[in-house]
Amino acid sequence: MSRWLVTSFVGLGLVACGPSTSPTTGDGSGTTATDGGSTQSVPASGSGESQPATSTSAATDTTSPTTAADGASSESTDTEGEVGLGEECTYHFPNCADGLKCVLVPAAENPMAVCVEVVDDPVPSGGACELDPKTGQDNCDATSFCSTFIFNETGYCTDFCEPGDEDAGCADETRECTSSSNGNYGCLPRCNPPDELCPDGHACVLFPLSGSYICTVTNPVTEGQSGDVCYAPSEACSGQCYQCADGTACLDDLDYGPGCDEDLGCCAEYCDVTVGGCSNPLHECIPVPGVDTDLHPNTGQCALPEDFDWCDGTVENPPPGQCPPDDAEPNYPWCSSFDTSACTEGQVILGGGECGHCWCNDSCAAVDECPVPATGVAEVVCDPAVGCSLLCNDDVDCPNGMDCRFHSGELRCLWQPDSCAS
């Protein structure tokens, strides 16, 4: 059951490395991945903040204006290799003057790539770094940039790379050329959950377009354990930021089960499908859809089995709304917001509020087409707009297991979860 946002790398800004030399990024609600010339939208944390786009021309137009990091425009007659400090450059085809490098500016009002200084005594690739997200200036060496989470000011130096270019790819085969959340393409290390994870400050997340797992910089507060929400505000991130601790990830195509926030999703443990070992006794270790099994032959996530039945007696006290009451009214199909399988497709009415009241409104042309309940004394009516229903005016008793609620202009009998019984 796919309830939640895609894949565990949501909010972390990973972008595919297809043959195109034209990386693109999206807004704060997602990034856009290029793969063989097509684009795929990848939702993120919902921060709503714009991510930088990139330029793909091979050389700067010597007669066109350049844009400074503060947004000011200035005329330039620089030739390739002589673009000055703070001026716009062509990313992936660096044309900055000596002592400068071309980086994307994460927090620029208009997405841009500019030349920034290579500082004295720079931090080498892999070291902890600092970034000014408004200017793009960092303290990494000439061949790397400061990879951070969204617009944070600290991160790790990561080697530049260019997707689709063998001469500018990742020399280390254990790394993959992907985009960090500040848009710069870099060589990020692969990981292989559940055992081979990532260093502090990183999380091991699935990169769907390649089917591999990548270590990427995360929100500093990533303490979400199995069952905790995937996306939530924190002191370090005001948007709905990725919160799963390394060793867990947000579920996508698998079902965590009740108790998980349907809107924010839940973190779930990585596991080894040959061993199992899920902490939730109801979960099994299930292969993750979309994973390259050659790279990750045993990686799974802990989730409910697809055919899990809450009502077969395995669980002594199923969560409310999962199973019909023992003495449920037999002539009106039981349903809940969790299970509408008894209703004809397209003929389910759900009530609002936390209780998720429900009834199957089978269509009818006349009241004699509607079933008569075996319990209770509610009035059977046929309404062309809502089909067969049971009215409960004047405090009459609804059939067993049903509850009198105002819906569609009348007091009607609806099924209710046990926890909402009145």
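Anything mentioned here points back to the structure above.
It should be emphasised that the depicted structure is a prediction, and the values quoted were computed from it without experimental measurement.

So, about the overall build of the chain. Helix and strand content of the chain: 0 helices and 25 strands. Looking at the 422 residues of the chain, the share that counts as buried comes to 47%. Long-range pairs, those at least 24 residues apart, make up 49% of the contacts in the chain between residues at least 6 apart in sequence. As displayed, the chain has an accessible area near 19,300 Å², and 46% of this comes from carbon and sulfur atoms.

Together, Glu284, Glu306, Asp307, Asp309 and Asp312 give the surface a local cluster of negative charge. With relative accessibility at 45%, the residue Glu284 sits in the partly exposed group.

Turning next to unusual backbone geometry. Residue Pro193 is joined to Pro194 through a cis peptide bond whose omega torsion reads 15°. Topologically, Pro194 is positioned in the loop between β11 (185-191) and β12 (202-207). A positive phi angle, near 60°, is found at Asp395, a position not held by glycine. With relative accessibility at 74%, the residue Asp395 sits in the exposed group.

To continue, consider the pattern of salt bridges. Charged atoms that come close allow side chains of opposite charge to pair. Following the criterion strictly, the structure yields 5 salt bridges and no others. Taking the shortest distance from any N to any O, the salt bridge between Arg175 and Asp172 comes out at 3.9 Å. For Arg175, a relative accessible area of 33% translates into the label partly exposed. Using a relative accessible area of 36% as the deciding quantity, one classes Asp172 as partly exposed. Between Arg405 and Asp403 there is a salt bridge; the shortest N-O distance is 2.5 Å. Given the relative accessible area of 31%, Arg405 is considered partly exposed. For Asp403, a relative accessible area of 6% corresponds to the buried category.

We now examine the nonpolar core. Membership of the largest hydrophobic core comes to 19 residues, with the highest contact counts inside it found for Cys191, Tyr213, Cys230, Tyr231, Tyr242 and Cys244. Secondary structure elements with two or more residues in this core: β12, β13 (212-217), β16 (248-250) and β17 (267-272). Among the elements that make up this core, the one with the highest residue count is β12 (4 residues). In contact with Cys191, other than residues within four places in its own chain, are Glu196, Leu197, Cys198, Cys204, Val205, Tyr213, Ile214, Cys215 and His296. Core analysis: the next-biggest nonpolar cluster, separate from the first, contains 17 residues, Tyr332, Cys360, Cys364 and Ala378 among them.

The rules we used
- Residues numbered from 1 in each chain as written.
- Predicted model: local features only at pLDDT ≥ 70, side-chain atom pairs only at ≥ 80, totals over all residues.
- Heavy atoms only, no water.
- Helix = DSSP H or I, 4+ residues; strand = E, 2+ residues; numbered from the N terminus.
- Buried < 20%, exposed > 50% of the residue type's maximum accessible area, 1.4 Å probe, protein only.
- Contact = heavy atoms within 4.5 Å.
- Areas by Shrake-Rupley, 256 points an atom, 1.4 Å probe, with all protein chains shown as cover.
- Patch = residues over 30% accessible without salt bridge, like charges linked within 9 Å, V, L, I, M, F, W, Y side chains within 5 Å.
- Salt bridge = Lys/Arg side-chain N within 4 Å of Asp/Glu carboxyl O.
- Lys, Arg positive; Asp, Glu negative; His and termini not counted.
- Charge placed at Lys NZ, Arg CZ, Asp CG, Glu CD.
- Core = buried A, V, L, I, M, F, W, Y, C linked by side-chain atoms within 4.5 Å.

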